[in-house]
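# Observations on the three-dimensional arrangement
Here is what each chain is made of, one letter per residue.
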Amino acid sequence: MTTLSSEINDLFLTRIKDYRLDAIFENSGSFVFNTYLEPWLMDSVNEFDMCDQDLTYVVSTDDEEGYFSETLTMKNKIMLSKLMVKYWMSKTIQDILQMSNFVTDRDFKTFSAAQNLKAKQDYYSSLKEELSQELVNYGYKINDWSNWRNQLFDE
């Protein structure tokens, strides 16, 4: 049995609200939607290199959804979905269209766009720090401490 990319994507979607992603899903269907999210999933796999399971991922093709070579535990699925939020947020910050709000008053428009961007950057920094700590904690949990007690650090 394997884990489909849609399983991770579903967990990811419970963590965010994005009307553009909703529109892609409604207009194009789940297959196109999962393919659209795939780069964020692959970035997450790349960052989650300390995973205690094999994260070999088979990319989507024209007729088959992407999947992992083994069945992932819920803990690992959740970690991948959280990392996807980081990459989604990075894209949101870099979206130049988000920098402009459609308000007629020029001064308010500039201030509002700057405040919006600043808030997103602050959230992104906080999210990166939180995820970094979660990855460190994950590494501590999977470490074989009995070898360390015997001063065998490379095993």
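An account of the accompanying structure is given in this report. (Residues numbered from 1 in each chain as written. Predicted model: local features only at pLDDT ≥ 70, side-chain atom pairs only at ≥ 80, totals over all residues. Heavy atoms only, no water.)

## With respect to the nonpolar core
Ranked by size, the top nonpolar core spans 28 residues in total, and within it Phe12, Leu21, Phe48, Leu55, Phe68, Leu80 and Trp88 carry the most contacts. If you list the elements that add at least two residues to this core, you get α1 (5-13), α3 (30-47), α4 (74-94) and α5 (106-142). Among the elements that make up this core, the one with the highest residue count is α4 (eight residues). (Core = buried A, V, L, I, M, F, W, Y, C linked by side-chain atoms within 4.5 Å. Buried < 20%, exposed > 50% of the residue type's maximum accessible area, 1.4 Å probe, protein only. Helix = DSSP H or I, 4+ residues; strand = E, 2+ residues; numbered from the N terminus.)

## Observations regarding the packing of aromatic side chains
Going through the model one piece at a time under the given rule, you end up with five aromatic pairs. A centroid spacing of 5.0 Å and a plane angle of 65° characterise the contact between Phe48 and Tyr138, whose relative ring orientation is edge-to-face. Pair noted here: Phe48 is in the loop between α3 and β2 (57-58) and Tyr138 is in helix α5, with a separation of 90 residues, a long-range link. Among the aromatic residues, those joined into a ring-pair cluster are Phe12, Tyr36 and Trp40. (Phe/Tyr/Trp six-rings, centres within 6.5 Å; stacked < 30°, edge-to-face > 60°.)

## Digging into the pattern of salt bridges
Under the definition given, this model contains seven salt bridges. For Glu134, the salt bridge identified is with Lys82, shortest N-O distance 2.9 Å. Residue Glu134 is located in helix α5, and its partner Lys82 is located in helix α4; the two are separated by 52 residues in the primary sequence. (Salt bridge = Lys/Arg side-chain N within 4 Å of Asp/Glu carboxyl O.)

## A few points about a nonpolar patch on the surface
A cluster of nonpolar side chains, namely Val136, Tyr140, Trp145 and Trp148, defines an oily patch on the protein surface of about 410 Å² accessible area. Those elements that place two or more of their residues in the nonpolar patch are α5 and α6 (145-149). In this fold, Tyr140 is placed in helix α5. (Patch = residues over 30% accessible without salt bridge, like charges linked within 9 Å, V, L, I, M, F, W, Y side chains within 5 Å. Areas by Shrake-Rupley, 256 points an atom, 1.4 Å probe, with all protein chains shown as cover.)

Scope: geometric values only; no functional claims are made or implied.
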